[in-house]
Each structure stands twice: as C-alpha cells, then as structure tokens.
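Residue-level listing of the chains:
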Amino acid sequence: KGDFSMIMGYPGSTDRYVNSDGVKLAVDVQEPAQVKVRGAKLDAMKRHMDADPVVKIKYSAKYNEIANYWKYFIGQQKELKDQHVAEKKQAQETQLMAWVDSDPVIKARYGELATDLSSGYAERAKTEKASVYMEEGAFGSEAVLMGFNLYGLQMQLDQDPKDTAGISAYVARIKRSTADHWKDYDVATDRDLTASVFQMIHADVDPAQQPDIMQMVAKKYKGNFDKWAAAMFKTSILTDSTRLTDFLAHPSAKVIDKDMGMQTMLSCLDLYNDVLGPARDEAQAKIDRGYRLLVSAMQMMDPNKMWYPNANSTMRLTYGQIKGYAPRDAVYYEYFTTQKGILQKEDDANPEFVVPKRERAMLVDRDFGRYANADGNLPICFLSDNDITGGNSGSPVINANGELIGLAFDGNWESMSGDISFDPALNRTICVDIRYVLWVIDK
C-alpha cells in the first residue's frame, strides 16, 4: 500500500481548461442530450442483439463503443454537480478577473476574456442540443453515414456525368471504403435505430433546427417514423449490398437523386453546413479567443505554478501512489479487490457480471497457484491516484523497481469529472493486477 506507481500511455484530447460557462453548458444541455440519444441507440441495438446471436456478434463492438461514453457522460454529469465544479470554477474566475481589473495595463490585454467566454457559450447553447442530436443521432445511423461515401460521386454525376474517368475513380473509392461494412451490418437493427433517433429529433429539437426531411415525413407518412424508415430501408442503395453493387456498375444521377437514403443524408448535411455548423463556428471563435486569454492571464497571475504542457498525441508518463479513497461520509473504498468481489457481484441476468463456469469453479476452489498473495487470495484490481483519460486504457503500471504490476483501464465513478476538474482526494485510476492477468492466461 502506498507503493510508487507509474503509468505510461497516450492521453486523449480532453485535458483543456473548461470554465464555469462551459461546465454549465455540458451539465445543462450537451451531456443530457448525449445520454438520451445514445441510450436510444443502445436500446435499439440491444433488442436485436438479444433476439439474434448473429446480430450480437456483429454489433457487440459498436454497442460497447457507444455504451462506454454513454456511461461516462452519465458519471460526469453527476460528479460535476455533486462536486460543485461550476461554482468552484466561478470562484477561480472571479479571483482572476479581480486581479485583471486591478491593473489598467493588464485589463487592456485581458479584460474581454470573460465576455468572450460567456457570450460564446451563450451562442453555443442556442444550437447545442440540435448539434448533439444530429451528430449522435442522425449521423449515428449507419445508412446516413453510408451516404457520405457516395456524396462525391453524386456531385460528379450532377456536374459532369460524361467524365467516365472521374466517375470510375469515385466508384473505386466507394468500393474500397465500404468493403468491410456489410459483414457487420444488420438492416433491421439500423432501420429501427434510424427511426428512433429521427423521431427523437422531431420531438425534442426546435423545428427551425431540424433537417428538411422532417417535413416530408410529417406530410407523406403522417409523422410515422417507423413507416418512413421501413420505406427507405426497403429501397435505398445505402442499405443493401446488392443494390449498391448494381448501382455502382451503372451509376446514374437520376437513381441517386431519387434515393430516399441519399435524400435523408443530404438534408442532414445541408442543415449542418448551412445552419448548425456556421453558428457553432462563430461561437467557438469567441470561446477559443477567450480561452487563449484566460490561460495566458492565469499563467501571468501565478508565474511560479508548474503548468502542464499540451502533450496530446505524444507519449506521457505520470506518477502517483496506490491508495483507496473516501467518497462519502462513513464510506471508504479499499485500494485492492480479490476474487471475493467477482463472486459477490456474479449475476447471470447481467451480461457484464456473468462468471464463466470454469473460472467460477477455480475461484471457489481457490486454485490460484503462484499468483496468490500472502493471504492466499487472488488479487484482481487496485487503485492509484494517477490521472486517467481517454487513450490511457491498457497503459502499463510500473512500480519503483521498474516491475510491471498492472494495466490501467478505467477511472472510478468519482473521476468522471476529472477531465474538467481533477480532485486528488477522489480521482482514482482502476488498474487490473498483473497477477490476475497472468492467472487468466495461465490457468
């Protein structure tokens, strides 16, 4: 306990200061929308995965990828609220602005930073929900995403249909980009997911910020998104490999222009390019300028502080100690777990907590061999006070003697806000003990 530990890995891109306005936007608008839309996508996938083992194999990786950050957003919302992060940020910013306002020269340089950030985030808030629903929902439809692969070909056919060399180049590119798509695709799953997310856009988003395709669904299909999706998936070249292959053999502007899938993709793309994208870019320009001023002012106000450099996409080494933590009054989490926890959490009704029969028998028989600790138990996981973010998973954890003692793979529930506000008392990295890894491989 308390051993020095070290984690090496590639960090994600979230280690940037977020001010109080940004925290409020995340908690009030952005993350609730992300959780809701991702939850609907997961529900649609799971219905089909539970009903068909073939679909389960095809969609397991897709499901887990969506679920990973769905759970992350749930945890981050909770911890940002519980730890009063917006209020803490506001207090820091009030102190900073008091320092800025105390000197005319400094005020001339940094006086607008608070205005840039507050007005930029206020503008972002106007379209944030619609942007999230489009990015996570509309562009979460595999059929809509497939349409992007054909966008260049469509433009070529519209602008110069006699350029056979250009058309052939686009066709070859489409074949390469879609070669692996169909083996992990299920049309019924994507159809129901698409109907679900577009129904949510229709119900939850300001009509002025919805794609034009919604008007057609309301008029022709009486707002029934299941019927609309059924018609689109039955005929579109984006939802069937044979139809797409036949089309690419004889590409036609007439066919692609009438395709319901392509019409849907273009409607979504137009909304994003003409409305949501420009609004976000304009707001983000203010936010980016405000952050540049904010970080510069913070460094000037506290010149002796050791500031982290931006090392994104580079190897990074961090250090810390193995230790538990106390998240609430009268509650303490020990720094390690053993096989006892696996057996205690076993739940055959929950796929995440099913214990394979062979493993269960060996755990019950305490067949741990040389991997047992001094107490005769099998170490499973341990905690350290290292920081962790997206991209660190799988990083080696090395002790003071240079020995591999584990692999980092997650953060505790309380650390979900760590990308925005790191609390040394609560944030922990969860590491799998190397003895458990070796036991699984060996036994």
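Residues numbered from 1 in each chain as written. Predicted model: local features only at pLDDT ≥ 70, side-chain atom pairs only at ≥ 80, totals over all residues. Heavy atoms only, no water.

**Q** Would you take a moment to explain the overall build of the chain for this structure?
**A** Of the regular secondary structure elements, the chain holds 17 helices and seven strands. Viewed in the frame of its principal axes, the chain has a C-alpha envelope of about 75 × 75 × 45 Å. When each of the 443 residues of the chain is scored for burial, the buried share is 45%. Total accessible area on the chain is roughly 23400 Å²; 54% of this is exposed by carbon and sulfur atoms. Measuring between centres, the 53 positive side-chain charges of the chain sit 3 Å from its 63 negative side-chain charges. (Helix = DSSP H or I, 4+ residues; strand = E, 2+ residues; numbered from the N terminus. Buried < 20%, exposed > 50% of the residue type's maximum accessible area, 1.4 Å probe, protein only. Areas by Shrake-Rupley, 256 points an atom, 1.4 Å probe, with all protein chains shown as cover. Lys, Arg positive; Asp, Glu negative; His and termini not counted. Charge placed at Lys NZ, Arg CZ, Asp CG, Glu CD.)

**Q** What is the right way to read the packing of aromatic side chains from this model?
**A** The way to describe two aromatic rings as a pair is by their centre distance and the angle between their planes. Here the structure, examined in full by the defined rule, presents 13 aromatic pairs. Where Phe368 meets Trp439, the ring centres are 6.5 Å apart and the plane angle is 70°; that geometry is what we call edge-to-face. Of this pair, Phe368 sits in the loop between α16 (357–364) and β4 (379–384) while Trp439 sits in helix α17 (residues 434–442), and the two are 71 residues apart along the sequence. Each residue in the set Tyr69, Tyr72 and Phe73 is aromatic and connected to the rest through ring pairs, giving one cluster. (Phe/Tyr/Trp six-rings, centres within 6.5 Å; stacked < 30°, edge-to-face > 60°.)

**Q** Would you explain the packing of helix α11 (residues 225–235) against helix α14 (residues 260–301) in this entry?
**A** Two numbers describe a pair of packed helices, the interaxial angle and the distance between the axes. Packing of α11 against α14 brings their axes to within 8 Å, and their N-to-C directions diverge by 120°. As summarised for this structure, α11 and α14 are arranged oblique, according to the angle between their axes. Contacts from Trp228, Ala231, Met232 and Thr235 of α11 reach α14 at Met260, Gly261 and Thr264. Considering only residue class, the contact of α11 with α14 consists of four nonpolar, three polar and no charged. (Axes fitted to C-alpha atoms, helices over the stretch in contact; angles between N-to-C directions. Parallel < 35°, antiparallel > 145°, perpendicular 65-115°, else oblique. Contact = heavy atoms within 4.5 Å. Nonpolar A, V, L, I, M, F, W, Y, C, P; charged D, E, K, R; others polar.)

**Q** For this particular structure, what's the right way to read the side chain of Asn386?
**A** Along the chain, Asn386 turns up in the loop between β4 and β5 (396–399). Accessibility expressed as a relative area gives 2% for Asn386, which makes it buried. Among the polar contacts listed, one links the side chain of Asn386 to the side chain of Thr318, at a separation of 3.3 Å. (Polar contact = N/O pair within 3.5 Å; in protein donor to acceptor, adjacent residues only side chain to side chain.)

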